[in-house]
Amino acid sequence: MTSTPPRAPDPRVRRLTTTLYGYAFLEDFVLLYPVYALLFSDTGLTVWQISSLFALWSVTGVLLEVPSGVWADAVSRRLLLRLGPLLTAAGFALWILVPSYGAFAAGFVLWGAGGALASGALEALVHDELERLDAAGRYARIMGRARAAGLAAVMAAMALAGPVLDRGGHTAVGAASVLACLLTAATALRFPEHRSPAAGPRRWTAPLRTGLAEARADRSVRGALLLVPAVGAVWGALDEYTPLLVRDTGVADGTVPHLLLLIWAGATAGSLLAGEGERLGTNGLAALLAGAGLALAAGTLTGTPAGLVLVALAFGGFQAATVLADARLQRRIGDTGRATLTSLAGLGTELATVVVFGGYALIASHSPHGTAFAVFAVPYLVTAALVAGAPRVPRAGAREGAAGRRAAEDTT
């Protein structure tokens, strides 16, 4: 009796994944991330001016999220993945060359536009290429690893920003950030793309109309669209307040970065395990959300550094659920409006995040940060109950066509 040798990995899949991991790492390997607030302050900006810059950044992303997704369905997605980092590089260069409120505002607009161009286009390109190679079942695992690469880049940037700032000041940190963006754009050249952009005079509106029509006609698509912001918005907003949560546990300020790395490590582990999470099914996803929500509440209400271990576990669960929600959406939508609907989900996440920011400010102004975090564990328990109790959808056959196929899942 002879055994069948394992099938060798497809080199085309390997090329796609290595390019994706490199792109994800370089995109987040920005040394300005942990120190740009210091740059603004050192330039003489007031707290009000700095806050207005953050608001401008958010508004830019909200306004451009869906139009950029429509554009990604109408033209080359690889083109947008090259153009996005170049816009971000131009914004960072403005910050360093002419540091002023106007330059910072223009830089945030460019950064927001660059991020919007890549949002939706990246997920759509990767899923379509994997589907073409009969490897769409690996999407969640691959995107989980890509997000882990991005988180690793953020942690590396945190570690390097201080020494580079000490040696070369804001100019050196900015130059390194511009270089990272240029390398990201160069890496995008290696992405394969085998879809043909839409042709004809109505190509700009066709993807949006097609995507919206699919969402209206298919209840499972609507459910998947809503699940993405329900999972990603709350913990994505809470992440901005983790330094305050850590400091409230009573540790010295110098210890805060080390404990933040613990929380980031939990999120990274969640990304790496997302592929395994696909085996859980719908009820398993609901259990994951509920467990992470309970861990968040329990960890933050202790008010101790030891409780941050539970927070790290919670963030790992939320990160894994975010990847799984994206994979769920990609499986349900068709190919024509994939980037458009992915961007619609991203828009929902952005808007929900703004709501969480407002709710957090209201709660934390009268309560400890641990209490505010615990309150925002409740939405995850509600989402888990809705996912577990969603009506069943009969399993459908695969949808096949020139661009690929989609298999319907057993639940909404």
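Since the structure is predicted, the reported quantities are computational estimates derived from the model, not experimental observations.

Peer 1: What's the story with the overall build of the chain in this structure? I'm lost.
Peer 2: Summing up its helical and strand segments, the chain has 17 helices and two strands in all. Going through the 412 residues of the chain one by one, you find that 50% of them count as buried. Of the contacts made within the chain by residues no fewer than 6 positions apart, 81% connect residues no fewer than 24 positions apart. Total accessible area on the chain stands at roughly 18,100 Å², and carbon and sulfur atoms take up 66% of it.

Peer 1: What should I look at first to understand the packing of helix α2 (residues 36-43) against helix α5 (residues 101-118) in this one?
Peer 2: How two helices pack is summed up by the angle between their axes together with the distance between the axes. Viewed as axis vectors pointing N to C, α2 and α5 meet at an angle of 160°, and their least axial separation amounts to 12 Å. On the basis of their axis angle, the class for α2 and α5 is roughly antiparallel. For the pair α2 and α5, contact is made by Y36, L39, F40 and T43 and by F104, F108 and W111, respectively. Of the residues in the contact of α2 with α5, the class split is six nonpolar, one polar and no charged.

Peer 1: For this particular structure, what's the right way to read the environment of R82?
Peer 2: Mapping R82 onto the fold places it in helix α4 (residues 77-97). Given the relative accessible area of 25%, R82 is considered partly exposed. When the C-alpha atoms of R82 and A118 are compared, they prove to be 8.5 Å apart, with 36 residues separating the residues in sequence. If near-sequence neighbours (up to four positions away) are discounted, R82 is found in contact with A185, A188 and L189.

Peer 1: For this particular structure, what's the right way to read the nonpolar core?
Peer 2: Here is a general trend for soluble globular proteins: nonpolar side chains tend to be buried in one another's company. Counting residues in hydrophobic clusters, the biggest one holds 79 residues, and the most contacted among them are L81, F191, L296 and F315. Ranked by the residues each element gives to this core, the list is headed by helix α14 (residues 308-332), at eleven residues. Filtering out sequence-adjacent residues up to four positions away, L296 remains in contact with L238, V311, A314, F315, F318, F373 and A377. Counting residues in each nonpolar core, the second largest holds 23 residues, with L32, Y36, A157 and V178 among its members.

Peer 1: What should I look at first to understand the pattern of salt bridges in this one?
Peer 2: Per the counting criterion, the structure on display carries three salt bridges. A salt bridge links E129 to R132; its shortest N-O distance comes to 3.4 Å. One end of the pair is E129 and the other is R132, both in helix α6 (residues 121-132) and three residues apart, which spans about a single turn. Judged by its relative accessible area of 4%, E129 is buried. Residue classification places R132 among the partly exposed positions, given a relative accessible area of 40%.

Peer 1: How should I be thinking about the side chain of S68 in this particular structure?
Peer 2: Mapping S68 onto the fold places it in helix α3 (residues 47-74). Owing to a relative accessible area of 5%, S68 belongs among the buried residues under this scheme. At a separation of 2.7 Å, a polar atom in the side chain of S68 contacts the main-chain carbonyl oxygen of A116. Not counting chain neighbours up to four residues away, the residues in contact with S68 comprise L80, A116, L117, S119 and S343.

Peer 1: Help me understand unusual backbone geometry in this model?
Peer 2: Excluding glycine, residues mostly have negative phi values, and the peptide bonds linking residues are mostly trans. Positive phi is not limited to glycine here, since D134 has a value of about 60°. The topology assignment puts D134 in the loop between α6 and α7 (139-188). Under the relative-accessibility criterion, D134 is labelled exposed at 58%.

Peer 1: Could you clarify how one ought to interpret a nonpolar patch on the surface in this entry?
Peer 2: Taken together, the side chains of L262, V309, L310 and L313 define a hydrophobic patch exposed on the protein surface, amounting to about 320 Å² of accessible area. Of all the elements, α14 adds the most residues to the nonpolar patch, at three residues. In this fold, V309 is placed in helix α14. Its relative accessible area of 44% is what places V309 among the partly exposed residues.

Peer 1: What should I look at first to understand the packing of aromatic side chains in this one?
Peer 2: Remark: the centre distance and the inter-plane angle together describe each pair of aromatic rings, the angle taken between the planes. Here the structure, examined in full by the defined rule, presents 26 aromatic pairs. With 5.7 Å between their ring centres and 40° between their planes, Y36 and F40 make a pair best called tilted. A residue pair is termed a helical-turn pair when its members lie 3 or 4 positions apart in one helix, as Y36 and F40 do in helix α2 at four residues. No difference in accessibility class separates Y36 from F40, as the two residues are buried. Judged by centre distance (5.9 Å) and plane angle (70°), the rings of W95 and W111 are edge-to-face.

Peer 1: I would appreciate a short explanation of helix α1 (residues 11-28) in the present structure.
Peer 2: Note on helix geometry: an α-helix contains 3.6 residues per turn, so any two residues three or four positions apart are oriented the same way. When the terminal C-alpha atoms of α1 are compared, their 26 Å separation across 18 residues agrees well with the 26 Å that a helix rising 1.5 Å per residue should span. Taken residue by residue, α1 has V13, L16, T17, T19, L20, Y23, A24 and L26 as its buried positions. The secondary structure elements touched by the buried residues of α1 are α4, α5, α6 and α7.

Peer 1: Would you take a moment to explain the confidence of the model for the chain for this structure?
Peer 2: In regions of low pLDDT, the predicted coordinates are not meant to be interpreted in detail. Predicted confidence across the chain gives a mean pLDDT of 83, with 85% of residues reaching 70 or more. Within the model, the stretch residues 1-6 combines pLDDT values under 50 with zero contacts to residues more than four positions away or in other chains. Low pLDDT (under 50) marks residues 394-412, which in the prediction has 50 contacts with non-local residues, meaning those over four places away or in another chain.

Peer 1: Help me out: how do you make sense of α4 in this one?
Peer 2: The end-to-end C-alpha distance of α4 is 31 Å, a good match for the 30 Å that 21 residues give at a rise of 1.5 Å each. Within the span of α4, buried status applies to R77, L80, L81, G84, P85, T88, A89, G91, F92, W95 and I96. Two or three places before R78, at the start of α4, stands the capping residue S76, its side-chain oxygen 3.4 Å from that residue's backbone nitrogen.

Peer 1: Teacher, can you tell me more about the environment of V356 here?
Peer 2: Among the structural elements, V356 can be located in helix α15 (residues 338-364). The sequence separation of V356 and F376 amounts to 20 residues, and the corresponding C-alpha distance is 8.4 Å. For V356, the residues in contact, after removing those within four places along its chain, are V234, A237 and F376.

Reading guide: rules and limits
Residues numbered from 1 in each chain as written. Predicted model: local features only at pLDDT ≥ 70, side-chain atom pairs only at ≥ 80, totals over all residues. Heavy atoms only, no water. Helix = DSSP H or I, 4+ residues; strand = E, 2+ residues; numbered from the N terminus. Buried < 20%, exposed > 50% of the residue type's maximum accessible area, 1.4 Å probe, protein only. Contact = heavy atoms within 4.5 Å. Areas by Shrake-Rupley, 256 points an atom, 1.4 Å probe, with all protein chains shown as cover. Axes fitted to C-alpha atoms, helices over the stretch in contact; angles between N-to-C directions. Parallel < 35°, antiparallel > 145°, perpendicular 65-115°, else oblique. Nonpolar A, V, L, I, M, F, W, Y, C, P; charged D, E, K, R; others polar. Core = buried A, V, L, I, M, F, W, Y, C linked by side-chain atoms within 4.5 Å. Salt bridge = Lys/Arg side-chain N within 4 Å of Asp/Glu carboxyl O. Polar contact = N/O pair within 3.5 Å; in protein donor to acceptor, adjacent residues only side chain to side chain. Patch = residues over 30% accessible without salt bridge, like charges linked within 9 Å, V, L, I, M, F, W, Y side chains within 5 Å. Phe/Tyr/Trp six-rings, centres within 6.5 Å; stacked < 30°, edge-to-face > 60°. Expected span 1.5 Å × (residues − 1). pLDDT = per-residue confidence, 0-100.

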